[in-house]
Amino acid sequence: RIHQKIMKSRSSRLERAFIKAHKVEALSKQKYVCKYCLEPLTTKTATAEHLKAKSKGGLDSKENIAAANEIGLKTILYTFKDRSLLEKSLKELDVT
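Position numbers for residues start from 1 in each chain and track the written sequence from start to end. Whole-chain, interface and lining totals are the exception, using all residues; otherwise, since this is a predicted model, local features are given only for residues with pLDDT of at least 70 and side-chain atom pairs are given and counted only at 80 or more. Side-chain measures here rest on the full set of heavy atoms in the structure, leaving out hydrogens and waters.

Relative accessible area decides the class of each residue, using a 1.4 Å probe on protein chains only: under 20% of the type maximum gives buried, over 50% gives exposed, and in between gives partly exposed. Helix and strand assignments come from DSSP, with helices taken as H or I runs of at least 4 residues and strands as E runs of at least 2, each series counted from the N terminus. On strand 2 (residues 65-68), burial covers both faces: Ile65 and Ala67 on one face and Ala66 and Ala68 on the other are all buried. Following DSSP output, two strands are said to pair if at least two bridges run between them. By the bridge criterion, 4 bridges tie strand 1 (residues 47-50) to strand 2 in an arrangement that is antiparallel. Looking at strand 2, one finds that Glu49 is bridged to Ala66.

It is worth spelling out the pattern of salt bridges at this point. Note on pairing: side chains with opposite charge can pair once their charged atoms come close. Any Lys or Arg side-chain nitrogen found within 4 Å of a carboxyl oxygen on Asp or Glu counts as a salt bridge. Counted according to the given criterion, the structure contains 3 salt bridges. Residues Glu25 and Lys62 are paired through a salt bridge, measuring 3.7 Å at the closest nitrogen-oxygen approach. With Glu25 in helix 1 (residues 2-29) and Lys62 in the loop between strand 1 and strand 2, this residue pair connects regions lying 37 residues apart in the sequence. By relative accessible area, Glu25 is classed as partly exposed at 41%. The salt bridge partner of Asp60 is Lys54, with a shortest N-O separation of 3.2 Å. Owing to a relative accessible area of 43%, Lys54 belongs among the partly exposed residues under this scheme. What emerges from the salt-bridge pattern is a single network uniting Glu15, Lys54 and Asp60.

Along the polypeptide, Ala66 turns up in strand 2. On the basis of relative accessible area, Ala66 is assigned to the buried category, the value being 1%. When the C-alpha positions of Ala66 and Ala46 are compared, they lie 9.4 Å apart, and in sequence the two are 20 residues distant. Note on contacts: a residue pair qualifies if any of its non-hydrogen atoms lie within 4.5 Å across the two residues. With residues up to four places along the chain from it excluded, the contact list for Ala66 reads Ala26, Gln30, Lys35, Thr47, Ala48, Glu49 and Leu51.

Structurally, Ser61 is set in the loop between strand 1 and strand 2. By relative accessible area, which is 23% here, Ser61 ends up partly exposed. Sequence spacing of Ser61 and Ile19 is 42 residues, and the spatial spacing of their C-alpha atoms is 7.8 Å.

In short, the description is geometric, and any link to function would need to be established separately.
This is how it looks when you write it as structure tokens:
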């Protein structure tokens, strides 16, 4: 049992490290602006946002991670309460 807890803890740390690396890569690709509101970002102010929610089958891959800030996330989620509508709109704008 202790071995399982240790392995799970290591797995979680490794997963967080990959997400952080993907966030930094997304920041660079997005020229350090929020994907949704276009406000300037730093590595400290940015959060990693899953483009396709993990609950909908999205992965922690770099292709599925975007850099965003809290304002951008709140704005986009308030505007598009239905996430599928958000994903469709982003595709139409060629933002994904």
